[in-house]
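Listed here are the chains, written in short residue letters.
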Amino acid sequence: MILSFLRNKVMDVQQEKGGSLRIFWRLTETFLDASLEMQVRLPDLEITGVWGKLQRAPHKECGSAAELLSKVVGVRVGPGLRKIVEGLIGGPAGCPELAEAVLECCNSVILHFTVPQLQATETGTEEERRERFQAMVRFNPRLVRSCVAFADDSPLMEGLV
Amino acid sequence: MISFSRSMLVGAEFPQEDLVRFHGMLEDRIYAMEVLMDVRISDGVIQQVQGRMKRFTTPVCPKAVDMLQTAVGISLREPGWVSKINKEVGRKGCQHFAEIMVECGRCLDAARMAHELLAKSAQTPEADPTSLTQAFLATHPELAGKCMARP
């Protein structure tokens, strides 16, 4: 069947020479064409810059939405991030699409650090792999009960809970 | 050098008058999965969900496919639906499945608007898309109060 609507989102994380990360985010769909660039300083994961543009938007008010982005400069990628970002630039008085864009960029930063950890679990015996997963959980306790793989009854958590 | 990339794609078709079918796809360096989700337009209730994990990280991950059924009956119009999906589908199943479903759910109003605008443009090709959008918003009060452009 022919689609009535199609939304496409792309995110890329790039390592910069100065030791920071730059995240590129782009959304295109029937009504909206938006892009965002964010810089995150390492190792404290502080957002040091955000630049956004709505090339195409359904309402004239959307044109000033990108000005809200500067409010998240200084925020750190860490616990409570969703509440902070939604409070600063989302909600009925803000732009939920851009708030989501910022959160997705931050999520990409976390996944950037997750890739090498997961690569280490791809080889070895079942037992060795399980040990590496458990080391990951010990290093990041927020993973506990975050999904079915890290639930209390998961075989990956045997001996850990 | 690019160290991480992710693409998310949401398509919407309207197989029946009161039904929208979302096709959601997530592909990144770590995961690849798809969701097909039917939503009743009149009340936003999820009627059916199917999912497929194409690439995942642990042998336990595929168990999350069964947890997609916990989303059936949730309304995308009720307050807190995102948290509900994140809790039921995400924490008890897979966070990335939850991400795709939420992305599909967030497209509900835009998809409805696109569908109606396509039909109206076909009837009156000379119609201005901006005024069609404004007319749609004026006749759908449930879309108000969502953002600075729709107070």
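For every chain, the first residue of the written sequence is number 1, and numbering continues from 1 along that sequence. For naming, the first written chain is A and the first written ligand is 1, with later ones following in the order written. Per-residue local features are limited, in this predicted model, to residues with pLDDT of at least 70; the limit for side-chain atom pairs, both in listing and counting, is 80 or more; totals at the level of whole chains, interfaces and linings are taken over all residues.

**Let's talk about the interface of chain A and chain B**
Formally: Think of it this way: build a C-beta for each residue from its backbone, and any pair within 7 Å is a contact. Counting from the N terminus, the helices are DSSP H or I runs at least four residues long and the strands are E runs at least two residues long. In this count, Pro and Cys sit with the nonpolar residues alongside Ala, Val, Leu, Ile, Met, Phe, Trp and Tyr, while Asp, Glu, Lys and Arg are called charged and the others, Gly among them, polar. Note on pairing: DSSP must find at least two bridges between two strands before they are called paired.
Taken together, the contact between chain A and chain B spans 42 residues of the former and 44 residues of the latter. Contributing elements (two or more residues each) for the side of chain A that touches chain B: strand 1 (5-15) and helix 2 (96-119) of chain A. Broken down by element, the residue count for the side of chain A that touches chain B peaks at 11 residues, all from strand 1 of chain A. A per-class count over the side of chain A that touches chain B returns 24 nonpolar, 12 polar and 6 charged. Of the pairings in the sheet, the one linking strand 1 of chain A to strand 1 (residues 2-16) of chain B comprises 10 bridges and is antiparallel in character. Residue Asn 8 of chain A lies in a different strand from strand 1 of chain B, and its bridge partner there is Leu 9 of chain B.

**Digging into the domain arrangement of chain A**
This is how it is decided: An automatic or database domain assignment supplies the residue ranges for each domain.
For chain A, the assigned domains read domain 1 (8-115) and domain 2 (120-157). The C-alpha-based centres of domain 1 of chain A and domain 2 of chain A are spaced at 30 Å.

**With respect to the pairing of strand 1 of chain B**
Residue and element names in this part refer to chain B. Note that strand 1 and strand 2 (residues 19-28) share 9 bridges and pair antiparallel. Following the sheet pairing, Leu 9 is matched in strand 2 by Met 25. Hairpin connection, strand 1 to strand 2: the antiparallel pair is bridged by 2 residues.

**A short note on the domain arrangement of chain B**
Residues and elements named next belong to chain B. The domain architecture assigned to chain B consists of domain 1 (6-106) and domain 2 (111-142). If you average the C-alpha positions of domain 1 and of domain 2, the two centres end up 27 Å apart. Listed by partner, the interface residues are 5 residues for domain 1 and 4 residues for domain 2. Residues belonging to the side of domain 1 that touches domain 2 are distributed by class as follows: 4 nonpolar, no polar and 1 charged.

**Topic: the packing of helix 1 (residues 81-89) of chain A against helix 2 of chain A**
All names here are of chain A. Just so we agree on the cut-off: Only the stretch in contact is used when fitting a helix axis, every axis being a line fitted to C-alpha atoms; angles between N-to-C directions are given from 0 to 180 degrees. Reported orientations rely on four angle classes, namely roughly parallel under 35 degrees, roughly antiparallel over 145, roughly perpendicular from 65 to 115, and oblique for the rest. We call a crossing left-handed when the near helix sits turned anticlockwise from the far one by less than a right angle, and right-handed when that turn is clockwise.
At their nearest, the axes of helix 1 and helix 2 sit 9 Å apart, and the two run at 150 degrees to each other. Overall, the two elements helix 1 and helix 2 adopt an arrangement that is roughly antiparallel. Remark: the crossing between helix 1 and helix 2 carries right-handed chirality. Contacts between helix 1 and helix 2 pair Leu 81, Arg 82, Val 85, Glu 86 and Ile 89 from the former with Leu 98, Ala 99, Val 102, Leu 103 and Cys 106 from the latter. Of the residues contributing to the contact of helix 1 with helix 2, the split by class is 8 nonpolar, no polar and 2 charged.

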